[in-house]
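Residue-level listing of the chains:
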Amino acid sequence: MKFDVVTIFPGMVTGPITEGIVGRAIARGMLDVRVHDLRDHTTDRHRVVDDTPFGGGPGMVMKPEPLFRAVEHVRATRGVPGGVILTSPDAPRFTHRDALRLCGLDHLVILCGRYEGVDDRVRRHLATEELSIGDYVLSGGELAALVIVDAVARLVPGVVGHDESVARDTFARGLLDFPQYTRPAEFRGMGVPPVLLSGHHAEIERWRRREALARTLERRPELLEGAELGPADRAFVDELLQQREKH
Ligand code: J9T
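Every value quoted in this text rests on a predicted model; they were computed, and no experiment measured them.

Colleague: Would you explain the sheet that holds strand S5 (residues 83–87) in this entry?
Modeller: Strands pair in a sheet through their backbones, by hydrogen bonds, and they do so in one of two ways: parallel or antiparallel. As summarised here, the arrangement of the five strands in space is S2-S1-S6-S5-S8, forming an open sheet in which the pairing is parallel. Only two strands of the sheet have a single partner each, and these edge strands are strand S2 (32–37) and strand S8 (129–131). Averaged over all neighbouring strand pairs, the angle between strand axes comes to 25°, with direction disregarded. Here four bridges tie S5 to strand S6 (residues 107–111), and the two strands are oriented parallel to one another. Bridge assignment links valine 84 to a residue of S6, and that residue is valine 109.

Set out below in structure tokens:
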């Protein structure tokens, strides 16, 4: 899968993508990520990428021309992308579902928004969609672009070593994860749930399912509405809700 990230801070993006699982997938040729310096697509001597807003007001707005030219450069040198994403806090929130959809597109351009905003013609006529990574403002879209690249890339077959771990991930299953433990079985007086040491696989699976349901109900109850729950799951959740009423 190909990604082209357009930014005024290329170093902010290049560093992180060369590390970890994404870095390994790039080295192995499974991912092809290019980072483009927006200033390379300006035409003036000072390489200006922003300007004051029409109508007045504080802050600067990113100019349309360098962004349009950067995407034209990507099209000419890398092929026509399946999508052009603009990162913005004023956008629908990026979720696991978006990551699954985007990984099917094979080639994505991500435009990192900066400053107080981006000329709206970029949003309307250049981007195919806008995404926010959560309800907070960042100083720039670079971290958002990295989040999107990472979440999409790990769904590309082969990028994560174990396909099974991807399928079992929290949002792929629709439930939060169950608690995990590793050696030692006793650490500074803290034990681990005995069932995990029992070797009884059916019991372990049942315990994990129940822990995942309880945790989801406690921390993210709205996820239970979209999760696929069997009759035993429902009965357990009802039990938890009844216990809650008693307290
Ligand atoms: C400047 O960009 C942002 O502040 C941004 C981008 C994407 N998601 C956010 N939550 C913020």
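Colleague: Please explain the site of the ligand as it appears in this structure.
Modeller: As a structural note, the neighbourhood of the ligand is formed by 14 residues, with Ser132, Ile133, Gly134, Tyr136 and Leu138 the closest of them. Between a nitrogen atom of the ligand and a side-chain N or O atom of serine 132, the distance comes to 3.2 Å. Within the backbone of glycine 134, one N or O atom sits 2.8 Å away from a nitrogen atom of the ligand. By residue class, the composition of the shell around the ligand is seven nonpolar, seven polar and no charged.

Colleague: For this particular structure, what's the right way to read the nonpolar core?
Modeller: Nonpolar side chains in soluble globular proteins generally cluster together in the buried interior. If you look at the biggest cluster of nonpolar residues, it comprises 28 residues, and the most contacted ones within it are Phe3, Leu31, Leu102, Ile148 and Val152. Among the elements of the structure, strand S1 (2–7), helix H1 (10–17), helix H2 (20–27), helix H4 (96–103), S6 and helix H6 (142–153) are those that each provide at least two residues to this core. It is H6 that contributes the most residues to this core, six residues altogether. If sequence neighbours within four positions are ignored, isoleucine 148 has contacts with Ile85, Thr87, Phe94, Leu102, Ile110, Leu131 and Ile133.

Colleague: Can you help me understand the side chain of histidine 107 in this one?
Modeller: With respect to the helices and strands, the residue histidine 107 is situated in strand S6. Owing to a relative accessible area of 5%, histidine 107 belongs among the buried residues under this scheme. There is a polar contact of 2.8 Å between the side chain of histidine 107 and the side chain of aspartate 4.

Colleague: Can you walk me through the environment of leucine 223 in this structure?
Modeller: Turning to its location among the elements, leucine 223 is positioned in helix H10 (residues 223–226). Residues leucine 223 and glycine 174, spaced 49 residues apart in sequence, show a C-alpha to C-alpha distance of 6.6 Å. If sequence neighbours within four positions are ignored, leucine 223 has contacts with Phe171, Gly174, Leu176 and Thr216.

Colleague: How should I be thinking about the pattern of salt bridges in this particular structure?
Modeller: Pairs may arise between side chains of opposite charge once their charged atoms sit close together. Scanning the entire structure with this criterion turns up 16 salt bridges. Arginine 47 is the salt-bridge partner of aspartate 40, the closest N and O atoms lying 3.1 Å from each other. Assessed through its relative accessible area of 33%, arginine 47 is described here as partly exposed. Each of Asp4, Asp32, Arg34 and Arg78 takes part in one network of salt bridges that share partners.

Colleague: Can you help me understand the side chain of aspartate 4 in this one?
Modeller: Summarising the element assignment, aspartate 4 is placed in strand S1. Within the structure, the side chain of aspartate 4 is placed 2.6 Å from the side chain of histidine 36, a separation counted as a polar contact. Apart from residues no more than four positions distant in its own chain, aspartate 4 is found in contact with Arg34, His36, Val74, Arg78, His107, Leu108, Val109 and Ile110.

Colleague: Would you mind showing me how to read the sheet that holds strand S3 (residues 50–51) here?
Modeller: Pairing is mixed in the open sheet, where three strands are placed in the order S3-S4-S7. Of all the strands in the sheet, the pair left with one neighbour each is S3 and strand S7 (117–118). Of the strand pairs in this sheet, S3 and strand S4 (residues 61–62) are connected by two bridges, and their pairing is antiparallel. Paired with aspartate 50 across the strands is methionine 62, a residue of S4.

Reading the values: the criteria
Residues numbered from 1 in each chain as written. Predicted model: local features only at pLDDT ≥ 70, side-chain atom pairs only at ≥ 80, totals over all residues. Heavy atoms only, no water. Pairing = 2+ DSSP bridges. Helix = DSSP H or I, 4+ residues; strand = E, 2+ residues; numbered from the N terminus. Axes fitted to C-alpha atoms, helices over the stretch in contact; angles between N-to-C directions. Near = heavy atom within 4 Å. Polar contact = N/O pair within 3.5 Å; in protein donor to acceptor, adjacent residues only side chain to side chain. Nonpolar A, V, L, I, M, F, W, Y, C, P; charged D, E, K, R; others polar. Core = buried A, V, L, I, M, F, W, Y, C linked by side-chain atoms within 4.5 Å. Buried < 20%, exposed > 50% of the residue type's maximum accessible area, 1.4 Å probe, protein only. Contact = heavy atoms within 4.5 Å. Salt bridge = Lys/Arg side-chain N within 4 Å of Asp/Glu carboxyl O.

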